[in-house]
Amino acid sequence: MEKNERKRMEEALRESEEKLRVLVEAISDWIWEVDQNTIFTYISPKVKHLLGYAPEEIIGKTPFDLMPLEEAERVGKIFQKITEAQEPFARLEDINLHKDGHRVVFETSVMPIFDSNRGFMGFWGINRDITEQKQTEQKLKESEAKNRTLFETSAEGILVADIETMKFNYANPSICRMLGYSEEELKKLHVSDIHPKYVLEQVISEFEAQARGEKELAQNFPCLRKDGNIIWVEINNTKTVINGRECNVGFYRDIIARKKAEDQIKYAHSELNQIFNGLFPMCVIDKNYNNIRVNDRFNSFYNLKKDEAYGKKCHEIRKGHRCFTNECTMKQIIEGKEIVNYEIDKELIKGKEFSFIITALPYRNPDGETIGVIETFMDTTESKKAEQRLKESKEKYSNLINDISDIIFRIDLNGIIKYFSQQSYEILGYLPEELIDTNLLKKVHPDDLLKVANNIRETIESKREINADFKYQHKNGHYIHLSAKGRLVIKNGKEEITGIITDITKKKKMEIKLRESEKKYRGILENIAEGYFEIDLRGNLIFFNESYLNLLGYSREELLGLNYRKFMDEQGARHAFERLNYVYKTENSLNDLQLEVIRKDGEKRFHQTSVNLIHDSRGKIIGFQGIVRDITEKKKAEELEQKFKEQLEDEVQIRTKELKIALEQQKLYLDQILQSSHIKDEFLATMSHELRTPLNAIIGFTDLLLEGGYGPLNRDHLEFVKDIKSSAEHQFEMVKDILDISKIESGKISLHLQETSIKNIIEQIKSTVNPDYSKKDLKFEIKGLKNDKLIVADPIKLKEILIHLLDNAVKYTTKGKITFIFKEDKENWIFKVKDTGIGIDKKYFDIIFKEFKRVDSEYVSSLPGTGLGLSLTKRLVALHGGTISFTSKLGVGSTFIFTIPKSLSIPSGKKVESFLDIL
Ligand code: ADP
């Protein structure tokens, strides 16, 4: 039994070993065994298949011998650790070299072997060839990396959405940028979250169609960015499975930029088209005269069908006189002209006359090369016609326009203009044709619309006259002021309104100006210190300023409407009425009407007032106006002065009388002297010298006093000094005359005869006497001196004679004229001085030439005079050998006549020195 048992056990063991061996050798992995020193002790036959070696070739080697050097080192270290630990080890990847040199990657698992005493014997190992798997893995890795790069760097946005949940799984940086979300945020979103609401329905159906694989491209889709803005995208879709789930991979392309560019092009194109088709007929012609583009306007201008112009030469459509000449626009443009303009007047196009301006410009290719011309046609037919019509109508109506400046109009009851005369052009800027059949109200200023409309309605209803002022828009856009007057008429059985429209713009402006200036003047009036008043023709106050109120002491309410008589006494009121009546009748103004007025408080005041008429706009007198000044104080001062003057006069008179008496005495005294003895002349000469010296001093000093040389004189002093001066002068004159007479008498004076021009003498005398007769308003006439006369005489003395006579004539004449008459007879030159003065009573005829004798009349004695003038004159005439006489009639005038003999001749002897000269 024991033997059998063992045998059976052995048998069983062998069987099991065999089974194991077959198993080991059947599996595709390579099984091996190494001892404690890692030396192969068993190799399964699979090694041949995997590494190309027969097992016997490897037995006795180590696993490391089959590896590349670096790998052997790495794996050796690992084995060392395993050996030390004596533990199993799984799935170590190691690289081995096939017998033919290629690399084989094994996945190695080992298990330690122990003997029955648990002594370490080595390892069992199993190597699985994972080379292919590794290679696939590597490839996958590479492709993954490639894809990831693509995914990460793609300019297109990539968004992956789970088909079932419609939520996003992946998003690349581009889509994140496009939509403004981070990847994490996007991963939480639903497809519907990134599109605006109005496209959601479409988005879902698009997504589903893509999921079903029916559609790949979704064009022009709006996407909603995180910031709320919309971007436009084109989505290209692919379906795929990721991690076992079906997904839509969307590739998003931002088409905004493209869309923008496209839009711009579209816009520009349409704009160009509009421009091209818009205003004028246009055509583009190439260098061969072919029409290469024409616009709609061009076609309609030339009555062409849509494409009719193409294929035709320009001159086949419109042959002008410039075609084939040097004036051809093409020629000029090609030669370098930038623009050619020319005018066509009345060209016949399909039976109608047209006028237009053609403008030709170069047509250039994008390189700037001129390849043809662009021509535009501006139709001026209408404006030409209008111009012509205007000219004609202007001519036709020029007379009328000259006469009437208003528009004659006719409108129907709705305001529609049925007729406007030509003045509408002058006034409104429109030709009548432009306005006829339009509504008058259309251009009326909105502010006046209601007024005019009401006016028309009232005219219709009450049949009364339309009379409306309103503003109307001129063709130039400005509003002008018009005034319409008209009435209802029946024309062709229809009721219409007809009348005239007047331009009152100027008037209105004037009104405004007037109002402004009135305001200004009122402002001034209120501010002046003088009173200003306006009264109506009945004398009631209708306007006045503040100052006027103050002058009279009334309040404004009290004074308004009050009659001027109310603040004057009866006599004053009568005087005022007379003066106002004078102004009313003569239309003259008054400047200083002085009135005594009674203030409200009873005080009497003097007013000086100006008075002018007030006219209304038609020139009718409606009242009076004036400026008033209170002159009460001034008047008082004047009265005082007057009184003072009167007193002074009295005093002066007394003085003058005294002086007169003194003079009389002096005269008597002198008379006696003159009549006395032979020593008279000597005496006189000495005396007069003695007399004249103090007189000179008196005159000199009084002059000095009068000029204020010793300080200002008071009024009294002034008057006295003046009296003193005139008396002294008088006496001086007298002494001078006396001296002259005495000198003549004593033969101490002689003539200085020479050729003397009468005209010269008269001229010199005139300037001396002139102030006197012009003061008295006397005329001075010269007769008989058409040509100058040269006579022989002593010019100084002749002048003295004439001055005396003319002086007297002026002195003793109050009105009329003085005439100087020059005559001659055979022997004499005859001089006459004629006046229209007081004349001389016959009884004084004898004394006129006597010394100190004057006519004894009140008038004569009121005038200064010595009574010596004529006696001296007589002597001077006699000295010349002539005679003097006079004729006179009391109250009519006097004529003094003297002669100078022609026989006088210029002596050759020496001039005798005059005594006068010594003085
Ligand atoms: P006087 O004029 O200084 O008094 P005249 O000797 O010149 O002296 O004149 C003497 C008088 O003759 C005057 O006082 C005057 O009465 C009178 N007389 C002289 N000339 C005229 C004259 N042209 N008309 C009137 N009377 C005259």
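Everything that follows concerns the structure shown earlier in this document.
As the structure is a computational prediction, the values presented were derived from the model and not from experiment. (Residues numbered from 1 in each chain as written. Predicted model: local features only at pLDDT ≥ 70, side-chain atom pairs only at ≥ 80, totals over all residues. Heavy atoms only, no water.)

1. Side note on the overall build of the protein
The helix and strand inventory of the protein stands at 28 helices and 32 strands. Radius of gyration (C-alpha) of the protein: 72 Å, far over the 29 Å computed for a compact globule of 919 residues. In terms of its C-alpha atoms, the protein occupies a principal-axis envelope of roughly 240 × 90 × 80 Å. Among the 919 residues that make up the protein, the fraction classed as buried is 39%. Of the contacts made within the protein by residues no fewer than 6 positions apart, 49% connect residues no fewer than 24 positions apart. As displayed, the protein offers around 55,700 Å² of accessible surface, 52% of which is attributable to carbon and sulfur atoms. When the 143 positive and 149 negative side-chain charges of the protein are each reduced to one mean point, those points stand 8 Å apart. (Helix = DSSP H or I, 4+ residues; strand = E, 2+ residues; numbered from the N terminus. Rg over C-alpha atoms; globule rule 2.2 N^0.38 Å. Buried < 20%, exposed > 50% of the residue type's maximum accessible area, 1.4 Å probe, protein only. Contact = heavy atoms within 4.5 Å. Areas by Shrake-Rupley, 256 points an atom, 1.4 Å probe, with all protein chains shown as cover. Lys, Arg positive; Asp, Glu negative; His and termini not counted. Charge placed at Lys NZ, Arg CZ, Asp CG, Glu CD.)

2. Observations concerning a nonpolar patch on the surface
Taken together, the side chains of I408, Y419 and I500 define a hydrophobic patch exposed on the protein surface, amounting to about 210 Å² of accessible area. The residue Y419 is located in strand β17 (residues 417-420) in this model. Note on Y419: relative accessible area 32%, which makes it partly exposed. (Patch = residues over 30% accessible without salt bridge, like charges linked within 9 Å, V, L, I, M, F, W, Y side chains within 5 Å. Salt bridge = Lys/Arg side-chain N within 4 Å of Asp/Glu carboxyl O.)

3. Quick look at the site of the ligand
Residues in close proximity to the ligand total 19 residues, the closest being N808, Y812, R854, T866 and L870. In the model, an oxygen atom of the ligand is placed 3.4 Å from a nitrogen or oxygen of the G869 main chain. With respect to the ligand, the backbone of L870 contributes an N or O atom lying 2.9 Å from an oxygen atom. Bound to the protein, the ligand loses 98% of the 520 Å² it would expose on its own. Elements supplying a minimum of two residues to the shell around the ligand: α25 (795-811), α27 (869-880) and β32 (893-901). Class assignment for the residues of the shell around the ligand results in 8 nonpolar, 7 polar and 4 charged. (Near = heavy atom within 4 Å. Polar contact = N/O pair within 3.5 Å; in protein donor to acceptor, adjacent residues only side chain to side chain. Nonpolar A, V, L, I, M, F, W, Y, C, P; charged D, E, K, R; others polar.)

4. Looking at the packing of helix α24 (residues 758-775) against α25
One way to put it is that α24 packs onto α25 with a least axis distance of 10 Å and a crossing angle of 35°. Seen along the crossing, α24 lies across α25 with a hand that is right-handed. Contacts between α24 and α25 involve I758, I761, I762, Q764, I765, V769, D772 and Y773 on the former and, on the latter, P795, L798, K799, L802, I803, L806, D807 and V810. Looking at the contact of α24 with α25 residue by residue, the class counts come to 12 nonpolar, 1 polar and 3 charged. (Axes fitted to C-alpha atoms, helices over the stretch in contact; angles between N-to-C directions. Left-handed = near helix turned anticlockwise from the far one by under 90°.)

5. Here's the deal with the state of the cysteines
Counted by the stated rule, this structure contains 0 disulfides. This cysteine, C283, is not joined by any disulfide, and C314 carries the nearest cysteine sulfur, 7.4 Å off. A disulfide-free cysteine, C323 has its sulfur positioned 6.0 Å from the sulfur of C314, the nearest such atom. (Disulfide = S-S within 2.5 Å.)

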